Amino acid sequence: MSFLSFFKGYKNFGIFFSILSLIIIAIIYNILNVKKPLPIYQPAMVSEELVDSTIQYQQKYHKIADFSLLNQNGETVTQNTYKGKIYIADFFFTTCQTICPIMTDHMYQIQKEILNDDDVMLLSHSVTPKIDSVAQLKKYAKEKGVIDRKWNLVTGDKKQIYELARKSYLAVKTDGVGDEYDMIHTENFILIDNKQQIRGFYDGTKPEDIEHLLEDIETLKSFGGS
């Protein structure tokens with residue numbers, strides 16, 4: 001039997017094997033490219049300097065606590081304002097001249113990206129609430145292009161904001177030089193899912209982190225927001 005005759009005898013098998021190989025490759029490709037759920041961050045997973053000592057070793061069930069603060073329009077903002085929403089939180093102050101302007105510009109960019117997405121909102125907490133009155137926040141909001149229905153800038157009781165920062169969002173340091181609730185905010189943007197769980201931390205001063213954050217929002221949405 002010649003080599004050509006041998007090949008013809010196995011032609012159908014070769015075609016079948018080639019098709020099967022392509023199917024297997026496609027399945028493997030799809031498996032590798034399936035979006036994986038984002039991690040759910042617990043206090044024990046975060047740098048100790050950003051976490052209140054009372055919860056540093058907590059490894060499960062962490063959620064953002066209920067809150068009641070005032071936004072740039074003097075309206076009360078609570079957990080219900082963000083019920084069922086994905087949101088990005090950060091900490092800032094209006095008179096900051098270092099990282100805050102960059103962070104606010106990046107929040108504005110995110111606002112543009114989520115403008116028509118009813119499932120996603122923004123929340124910025126002042127770490128100097130005595131300075132950042134409602135009127136001051138309103139002035140800042142106008143200057144920075146804040147759209148009220150998408151983005152709340154909030155002020156209120158300093159102890160409450162401190163406890164939110166340290167016990168809920170795990171986002172600020174305590175080595176300030178003021179009172180017992182003094183805070184040094186970080187550049188962190190915190191991604192919160194629709195069950196009030198932390199799903200990501202991002203450097204709010206870095207464009208590449210903002211891109212990563214936007215991608216993670218889409219991943220979160222693909223899993224129903226949680």
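Residues numbered from 1 in each chain as written. Predicted model: local features only at pLDDT ≥ 70, side-chain atom pairs only at ≥ 80, totals over all residues. Heavy atoms only, no water.

A. Structural context of the overall build of the protein. Tallying secondary structure elements over the protein gives six helices and nine strands in all. Taken over 226 residues, the protein has a buried fraction of 42%. Put simply, of all contacts in the protein between residues at least 6 apart along the chain, 69% involve residues at least 24 apart. Just so you have it, the protein exposes about 12,500 Å², and 56% of that area is on carbon and sulfur atoms. (Helix = DSSP H or I, 4+ residues; strand = E, 2+ residues; numbered from the N terminus. Buried < 20%, exposed > 50% of the residue type's maximum accessible area, 1.4 Å probe, protein only. Contact = heavy atoms within 4.5 Å. Areas by Shrake-Rupley, 256 points an atom, 1.4 Å probe, with all protein chains shown as cover.)

B. Seen up close, the confidence of the model for the protein. Put simply, the protein has an average pLDDT of 88, and 82% of its residues get 70 or more. Contacts of residues 29-33 to residues separated by more than four positions or lying in other chains number zero contacts, the stretch itself having pLDDT below 50. (pLDDT = per-residue confidence, 0-100.)

C. How the structure looks around the pairing of strand E9 (residues 198-203). For E9, the buried fraction is high: five of the six residues fall into the buried class. Here strand E8 (residues 188-192) folds back onto E9, and the loop between the two strands holds five residues, one of which, Gln 196, carries a positive phi near 65°. (Pairing = 2+ DSSP bridges.)

D. Inspection of helix H3 (residues 100-114) at higher detail. With 15 residues, H3 extends 21 Å between its outermost C-alpha atoms, agreeing within 8% with the 21 Å of an ideal straight helix rising 1.5 Å per residue. All buried positions along H3 are accounted for by Cys 100, Met 103, Thr 104, His 106, Met 107, Ile 110, Gln 111 and Ile 114. Across the axial projection of H3, the buried residues extend over an arc of 160°, all falling on one side. Of the residues in H3, the exposed ones pointing more than 90 degrees away from the buried face are Lys 112 and Glu 113. (Expected span 1.5 Å × (residues − 1). Arc of directions from axis to C-beta.)

E. Representation of the packing of aromatic side chains. As enumerated under the stated definition, the model contains four aromatic pairs in all. On the basis of an interplanar angle of 70° and a centroid distance of 5.7 Å, the ring pair of Phe 91 and Tyr 169 is categorised as edge-to-face. Within this pair, whereas Phe 91 is found in strand E3 (residues 86-92), its partner Tyr 169 is found in the loop between helix H5 (158-168) and strand E6 (172-173), the two being separated by 78 residues in sequence. With respect to burial, Phe 91 and Tyr 169 carry one shared label: buried. (Phe/Tyr/Trp six-rings, centres within 6.5 Å; stacked < 30°, edge-to-face > 60°.)

F. Layout of the sheet that holds strand E4 (residues 120-126). Taken in spatial order, the five strands make up an open sheet running E5-E4-E3-E8-E9, and their pairing is mixed. Looking at which strands have only one partner, the edges of the open sheet turn out to be strand E5 (151-154) and E9. Neighbour-to-neighbour, the strand axes of this sheet turn through a mean angle of 20°, independent of strand direction. Judged from the seven bridges that link them, E3 and E4 form a sheet pairing that is parallel. Along E4, the bridge assignment pairs Phe 92 with Ser 126. (Axes fitted to C-alpha atoms, helices over the stretch in contact; angles between N-to-C directions.)

G. Representation of the nonpolar core within the structure. By size, the foremost hydrophobic cluster in this structure holds 28 residues, and its most contacted members are Phe 67, Tyr 87, Phe 91 and Tyr 169. Ranked by the residues each element gives to this core, the list is headed by H5, at four residues. When sequence neighbours within four positions are dropped, the list of residues in contact with Phe 91 reads Met 103, His 125, Val 127, Ile 161, Leu 164, Ala 165, Tyr 169, Ala 171, Val 172, His 185 and Thr 186. Core analysis: the next-biggest nonpolar cluster, separate from the first, contains 26 residues, Ala 141, Leu 191, Leu 213 and Ile 217 among them. (Core = buried A, V, L, I, M, F, W, Y, C linked by side-chain atoms within 4.5 Å.)

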